[in-house]
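Given next are the chains, with one letter for each unit.
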Amino acid sequence: MSDGRAAARPVPARPETMLVVDDHPIVLQGVRRLADAAGVARVYEAADIVSGYRLFHRHRPALVVADLSFRDDGLSGLSLIRRIRALDPRARILVFSMHADPVLVSRALESGALGFVLKDAGSDAFLEALDAVHAGQGYLPHALATDVAMLNRGARPAPLATLSARELQILSLLSQGKSYEAIAGAMAVSYRTVINASSSMRKKLGVESRAGLVQIAVNRRNALL
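In this numbering scheme, every chain counts its residues from 1 along its sequence in written order. In keeping with the model being predicted, local features are shown solely for residues with a pLDDT of at least 70 and side-chain atom pairs are shown and tallied solely at 80 or more, while totals for entire chains, interfaces and linings include all residues. Values reported for side chains reflect all heavy atoms of the structure, with hydrogen atoms and water molecules removed beforehand.

Draft legend 1. Here's a closer look at the overall build of the protein chain. Runs of H or I in DSSP of at least four residues are treated as helices and runs of E of at least two as strands, each being numbered from the N terminus. Within the protein chain, the regular secondary structure consists of eleven helices and five strands. In the protein chain, buried positions account for 45% of the 225 residues. Values of accessible area rely on a 1.4 Å probe in the Shrake-Rupley scheme; residue burial ignores everything except the protein chains shown. In the structure as shown, the protein chain presents an accessible area of about 11,600 Å², 51% of it carried by carbon and sulfur atoms. Remark: exposure states derive from per-residue accessible area (1.4 Å probe, protein chains only) relative to the maximum for the residue type, with buried under 20%, exposed over 50%, and partly exposed in between.

Now the structure itself:
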């Protein structure tokens, strides 16, 4: 017979190790405090994607929390997600970002992230996302899930919805005024790869020149950075 008291909810098993990749020190400190309070035994920190990838390669943490945008590197978080998943297809990655653009959310999930939570969410939402991704489940806030689901439902999809994750990253770097050569170096790809991707973007977005592509990049800068 029940004594009238609600059964206690089981405490979810938290990851023993976690990697946080973000170039904002305050964010790193905040996530570390939340992780410590949640019982995560070891938190590795990186302020750029190269260090983040190296730490993942060396320690193989149970969970990765990563931003999408990094100073001077555009949406390089998308590249980090792809590289980590290529190294370990079982890697569990949670994106922690200020971007609510459904195109970017969709591309992050396509790149291999299991969950996406916004930086203005409360600590409870962050921990809920952390627990879901650590358990191998997907996580999206309801509003974002609805926006992503509706992304291509309209007669005219959002302009950026046709772009791949790599193309979005190149577009974000163009919005910073970087040359094709600089973009190739930042992304560790060939110059020809950048040229081909830019040509593909021009066709998808209906512009005839690099100048037109740069104009779109600048106009969409807030969404891309």
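From this point, things continue past the structure.
Draft legend 2. Region of interest: the pairing of strand S1 (residues 17–21). With four of five residues buried, S1 is to be regarded as a mostly interior element. When DSSP finds two or more bridges between a pair of strands, those strands are recorded as paired. Sheet topology note: the S1/strand S2 (residues 42–46) ladder contains five bridges and is parallel. In the strand pairing of S2, Met 18 is matched with Val 43. Between the parallel elements S1 and S2, the chain passes through helix H1 (residues 25–38) in a crossover that is right-handed. In this sheet, strand S3 (residues 63–66) lies alongside S1 in parallel orientation, the contact comprising four bridges. Looking at the pairing, Leu 19 lines up with Val 64 of S3. Orient the strands so they point away from the viewer, and a crossover whose first-strand-to-second-strand path over the helix runs clockwise is right-handed.

Draft legend 3. Looking closely at the pairing of strand S5 (residues 115–118). The two faces of S5 match: Gly 115 and Val 117 on one face and Phe 116 and Leu 118 on the other face are all buried. Looking at chain direction, strand S4 (residues 93–97) and S5 are connected through four bridges and run parallel. Bridge pairing in S5 links Phe 96 to Val 117. For the crossover from S4 across helix H4 (residues 102–111) to S5, the handedness is right-handed.

Draft legend 4. Region of the structure containing the sheet that holds S3. Here we have five strands laid out as an open sheet, ordered S2-S1-S3-S4-S5, and parallel in their pairing. Both outer strands of the open sheet, S2 and S5, are each paired with one neighbouring strand and no more. Averaged over all adjacent pairs, the angle separating strand axes in this sheet is 20 degrees, with direction ignored. Inter-axis angles, ranging from 0 to 180 degrees, are taken between N-to-C directions of lines fitted to C-alpha atoms, where helices are fitted over the stretch in contact.

Draft legend 5. Representation of unusual backbone geometry in the model. Its identity as a non-glycine residue notwithstanding, Arg 60 has a phi of 45 degrees, on the positive side. Counting through the fold element by element, Arg 60 comes out in the loop between helix H2 (49–59) and S3. Its relative accessible area of 39% is what places Arg 60 among the partly exposed residues. Although it is not a glycine, Ala 188 adopts a positive phi angle of roughly 55 degrees. Tracing the backbone shows Ala 188 in the loop between helix H8 (180–187) and helix H9 (191–205).

Draft legend 6. Region of interest: the packing of aromatic side chains. Only Phe, Tyr and Trp rings take part, Trp by its six-membered ring, and two of them pair if their centres are within 6.5 Å. Stacked means planes under 30 degrees apart, edge-to-face means over 60, and tilted covers everything else. Within this structure, the stated rule accounts for one aromatic pair. Above the face of the Tyr 53 ring, Arg 83 is positioned so that its terminal group lies 4.1 Å from the ring centre. Just above the ring of Tyr 180 sits the side chain of Arg 210; from NZ or CZ to the centre is 4.2 Å. Working rule: Lys NZ or Arg CZ, within 6 Å of ring centre, within 35 degrees of ring normal, means a charge sits over the ring.

Draft legend 7. How the structure looks around the packing of H4 against helix H6 (residues 142–149). At a minimum axis distance of 9 Å, the contact between H4 and H6 shows a crossing angle of 90 degrees. The pairing of H4 with H6 is recorded here as roughly perpendicular in orientation. On H6, the residues touching Pro 102, Val 105 and Ser 106 of H4 are Leu 144, Asp 147 and Val 148. In terms of residue class, the contact of H4 with H6 is built from four nonpolar, one polar and one charged. Roughly parallel means an angle under 35 degrees; roughly antiparallel means over 145; roughly perpendicular covers 65 to 115; every other angle is labelled oblique. Residue contacts follow a heavy-atom distance rule, with two residues in contact if any of their heavy atoms lie within 4.5 Å. Only Asp, Glu, Lys and Arg are considered charged, only Ala, Val, Leu, Ile, Met, Phe, Trp, Tyr, Cys and Pro nonpolar, and every remaining residue, Gly among them, polar.

Draft legend 8. Seen up close, the packing of H1 against helix H5 (residues 123–134). Contact geometry for H1 and H5: axes closest at 11 Å, N-to-C directions at 65 degrees. In terms of their interaxial angle, H1 and H5 are classed as roughly perpendicular. In this structure, H1 meets H5 at a crossing whose hand is right-handed. Residues Val 31, Leu 34 and Ala 38 of H1 form the contact with H5, whose own contacting residues are Ser 123, Phe 126 and Leu 127. In the contact of H1 with H5, the residues fall into five nonpolar, one polar and no charged. Handedness of each helix crossing follows the sense of rotation of the near helix against the far helix: counterclockwise by less than a right angle gives left-handed, clockwise gives right-handed.

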